[in-house]
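Listed here are the chains, written in short residue letters.
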Amino acid sequence: EFKNKDEIGGKAKGLLFLSKHGFNIPEFFILDYRLVDLIIHKELSLRYLLESWMKENRISSDSLWAVRSSASFEDGKNNSFAGLFKTEINVGIKDLPNAIEKVISGYIDFNKTDYQPVGNLKFAVIIQKMIVAEFSGVIFSHNPNNVKEKNVHINIIPGLGEKLVSGEEDGLSIISLGREIKFINENTQYSGQVFDNGIKDIVLTNKELKQSITPYLNKLIAAAKKMAKLRKYPVDIEFCIADKRIYWLQLRPITSSKQVTLPTVWDNSNIGENYPGLTTPLSISFVKITYYNAYLAMVSFLGMSKPQQEKNRMLLKNMVGGISGSLYYNITAWQQLLYQLPFGKRTSKQITQILGMDDAEFELPMIKPSLFAYSKLFSNVFFSFLFFGRYKKKFELTYKKVFSKFKDKDYKKLSNKDLIEYIQKLNQDLGAKWIVPVLNGFFAFLLFSYLKKIFTKSSLHDEYPNFINDILYAQGDIVSVVIVRKFHDLLNTILADHQLKNLFKEKNEKDIWQEISNYYPEFKKRIEYYIANYGERCGEGELKIETINYKENPLAFISTLKSNAIGSVQTENDKRAFNYKNIINEKYKYKPLKKYLLLILIKITLNRIKDRENYRFYRTKGFDLVRKIFRAIDDNLYREKLIEQSSDSLYLEYEEIINQELSLNYKQIIRERKSVYNYYQTINRVNRYYQKGNNFIAVERFKSHLVKDIIKGVACSSGVITGELLIIEDNKLKDIDISGKILVAKYFEPGWINLFSKAVGIISERGGLLSHTAILFRELGIPAIVGAKGILSIVEQGDKVLLDGTKGEIKIIKKNE
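Model, not experiment: these values are computed from the prediction.

A few words now on the overall build of the chain. From N to C terminus, the chain includes 29 helices and 25 strands. Sorting the 817 residues of the chain into buried and exposed places 53% on the buried side. Looking at the chain alone, contacts between residues at least 24 apart form 69% of all its contacts between residues at least 6 apart.

If you want it as structure tokens, here you go:
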């Protein structure tokens, strides 16, 4: 017994509590503050103390121990301060003095800082017997984000628990909902470390981990509830499983949610396909304005009250933003906005999955609509869905009218004052009326999620595991697919004509264009038709203001044709026979109502997904109009010597260009921004950042492990193909024969669509089922997998793989020597 329990710290008190109530815990010993203080002041020999301890307790010389901190304010009811001090694991007897001194030095260093959460810091050291854990985890007696919910939450990984507690690895998440045990946020595999004559990596599949830990779940849940009842408040417990026994390692209160602030999450896994790499300040700032205008218009249209709009203004203004010169989604802002809309509790959690991102936790918004306001939002969403066809028709007429009004103007003859008025007018006439595409995306997201949920529970699931993907084939009327096929036709014309093929092979772009004009007038007309109708879609970053597309530079399109005019005539990929109507008619022959409702749901979902893809090209054409106006503004600024070089205005932000009173400062602003962007070119950016205050913390890139030579991703487009891998890096696509290859990349930009018709398979490290490229893969009948996280860290150029687009699996058959 310790006379003053404040001198043993929160962790030690938790262990004593567990021991007192009969819970199975590893053997442990406590050096209280009195002893630690004597060691610090060299009034007590640590080595002598440990020798006495070993002799008195008959400690084996080959035993292993964990040395942990236990400060007076650690694991308190209002604050946990977990991870603030050092922990040493797998410590042998010879190394115990050094490990204890490291933990004590952590306390000493901390005392030198200005940060003191509570008054005088008293601290102890725990020496705890190491358990060779087969599985480790954390269990919460209540929902850690809302302790009013009495659902037990478990997170578990194979092996030791350090990787889970530190956040370096994701565990299998489990929730106890009454008598039901639910597995959530499941990964295909889980990584950890085991201690077996040293630390070794271990990987288990989802199925293997589930089967192993299921027998223990009821005991874990019952113990967590009992501990909370005994403690009389919600608790957070660390545990491990070894030799078929559960060991309890640590007990602390769940920190009050008022004291915890989750970080803002920024992610570019999805937006990166339209804004790859560095993006200029003008593009980033203009995108922020367009998102703000479009989503403010949408929530207003749905009936969100003016006071609620005002409270959400900062979220609406920061749905996207720049980090180190690249464009990112503010995922937290999206989630908090969605949470306030009908179906928000579900959609706010699922948005990351649909966008092909890792899950993200978020603070619930403080803004809550009243019952009347929510009812109004719900009824407006319902009627918008019911009469969507009418709104769609009106929007498309408006778009065509505005586009016709702006597309043929000669902006080069206008003053900057007039050009600014035009761009503000365009924003008002088009950007603020972008309600239908935003609503369409919202409905596509809802319908697709609901359809997946229904399918998972239906009798179709076992017989047609890829049913949801397969119904997305051959929707028709998708402009992106038309663009691919038109390009394919042009390319085949070149490959089928020996003289034309040699022309593209031997001459430069300028000479090719001249000879086509002289000797192939019909072919020239086809190229001009393609550029006039689809030239906004180009090789890279088609939505960036700085991008020069094929309309602005037709020779760039000739260059694209030239680099792809390799090999022989490309055959059309066979359309796979998948008639979902016949399947449903047969499956629900005797359930006519269910059959009818399912067919209607599929039809509506397909229409919304098709429109979503088409509206993306509307957006591309709209951004091209904006680009023309900004180009004319830049020409005027350069002519008036307000900027030093042509295109320098790309380093200004939208508001700075609009405010011409700043024009005398443009040169200085641009010089400073260029210097910053020169630095940005030297740094590596990651897919995800956590923002706390003004600090952006890079989240470690995902890791991938092979399980029996198989890499898992998201099944996107059915079909099985064996082939050689061709890794595509940073648009380095020139003069590469892609025919018959399986292409692999971080992501595939819309402008790379010309590649797809020549490849036999596609693998993307990022992306979701509704991403732009996923839709194209399916429409073109190409076996494909998206979201194959970490694949580029495993495969190499020329590896031979088997791609199964139905199961979402890539099997390495032969490594390239």
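We now examine empty space enclosed by the protein. All told, the structure shown has 6 cavities of 30 Å³ or more when counted by the stated rule. Approximately 990 Å³ is the volume attributed to the largest cavity. Surrounding the largest cavity, 44 residues form its lining, Tyr291, Tyr295, Trp434, Val438 and Arg619 being those nearest its centre. Secondary-structure elements contributing two or more residues to the lining of the largest cavity are α8 (281-301), α11 (331-339), α12 (344-354), α15 (416-429), α16 (435-456) and α25 (592-639).

Here the focus is the sheet that holds strand β3 (residues 87-92). Taken in spatial order, the 4 strands line up as β1-β4-β2-β3 in an open sheet, and their pairing is antiparallel. In this open sheet, the two strands that pair with only one neighbour each are β1 (28-31) and β3. Across the sheet, the mean angle separating the axes of adjacent strands is 25 degrees when strand polarity is ignored. Those strands touched by helix α3 (residues 46-57) are β1, β2 (64-71) and β4 (123-129), and its axis lies near 150 degrees from that of β1.

Strand order in the open sheet made by the 6 strands is β8-β7-β6-β5-β11-β12, with antiparallel pairing throughout. Two strands close off the open sheet at either side, each with one partner strand: β8 (180-184) and β12 (245-253). Mean inter-strand twist for the sheet, computed between neighbouring axes without regard to direction, equals 20 degrees. Pairing of strand β6 (residues 152-158) with strand β7 (residues 172-177) involves 5 bridges; the strand directions are antiparallel.

With that out of the way, let us pick up the packing of aromatic side chains. Going through the model one piece at a time under the given rule, you end up with 43 aromatic pairs. Ring centres of Phe301 and Tyr391 lie 5.3 Å apart, and the angle between their planes is 90 degrees; on these two criteria the pair is classed as edge-to-face. Residue Phe301 is found in helix α8, and its partner Tyr391 is found in helix α14 (residues 388-407); the two are separated by 90 residues along the sequence. In this structure Phe301 comes out as partly exposed when scored by relative accessible area, which is 29%.

This next bit is on the pattern of salt bridges. Applying the stated rule across the entire model yields 24 salt bridges. A salt bridge links Arg627 to Asp624; the nearest nitrogen and oxygen atoms lie 3.2 Å apart. With Arg627 and Asp624 both in helix α25 and 3 residues apart, the pair spans about one turn of that helix. A single network of salt bridges, built from pairs that share partners, joins Asp236, Glu238 and Arg252.

A separate point is the confidence of the model for the chain. For the chain, mean pLDDT is 84; residues scoring 70 or higher make up 87% of the total. Scored below 50 in pLDDT, residues 75-83 makes 27 contacts in the model with residues more than four places away or belonging to other chains. Counting interchain partners and residues more than four positions distant, the pLDDT-below-50 stretch residues 113-119 has 10 contacts.

At a minimum axis separation of 9 Å, helix α21 (residues 509-519) and helix α23 (residues 554-564) run at an interaxial angle of 95 degrees. Taken together, α21 and α23 sit at an angle that is classed as roughly perpendicular. Contact residues: α21 offers Glu509, Lys510, Ile512 and Trp513, while α23 offers Leu555, Ile558, Ser559 and Lys562. Considering only residue class, the contact of α21 with α23 consists of 4 nonpolar, 1 polar and 3 charged.

Cut-offs used in this document
- Here the residue numbering is sequential within each chain, running from 1 through the sequence in written order.
- Totals for whole chains, interfaces and linings use all residues, but because this is a predicted model, local features are given only for residues with pLDDT of at least 70 and pairs of side-chain atoms are given and counted only at 80 or more.
- No hydrogens and no water enter the side-chain calculation; it runs on all heavy atoms of the structure.
- Runs of E in the DSSP output that reach at least two residues are strands. Runs of H or I that reach at least four are helices, and both are numbered from the N terminus.
- For each residue, the accessible area found with a 1.4 Å probe, counting protein chains only, is set against the maximum for its type, and the residue is called buried under 20%, exposed over 50%, and partly exposed in between.
- We call two residues in contact when some of their heavy atoms are within 4.5 Å.
- Any residue with an atom within 4 Å of a point lines the site, the site being either a cavity, points on a 1 Å grid over the protein atoms alone where a 1.4 Å probe fits but cannot get out, or a pocket, an open set with protein on both sides within 12 Å along at least 5 of 7 lines.
- Grid points are joined across faces, edges and corners, and a volume is the space filled by probe spheres set on the points.
- Two strands make a pair as long as DSSP finds a minimum of two bridges between them.
- Axes, fitted as lines to C-alpha atoms, cover a helix only where it is in contact. Angles between the N-to-C directions of the axes lie from 0 to 180 degrees.
- Working definition: rings of Phe, Tyr and Trp (its six-membered ring) pair if their centres are within 6.5 Å, and the pair is stacked with planes under 30 degrees apart, edge-to-face with planes over 60 apart, and tilted otherwise.
- What makes a salt bridge here is a side-chain nitrogen of Lys or Arg within 4 Å of a carboxyl oxygen of Asp or Glu, nothing more.
- The predictor attaches a confidence to each residue, and that confidence, scored 0 to 100, is pLDDT.
- Should an angle lie under 35 degrees it is considered roughly parallel, over 145 roughly antiparallel, and from 65 to 115 roughly perpendicular; all remaining angles are considered oblique.
- Charged means Asp, Glu, Lys or Arg here, nonpolar means Ala, Val, Leu, Ile, Met, Phe, Trp, Tyr, Cys or Pro, and polar covers whatever is left, Gly included.

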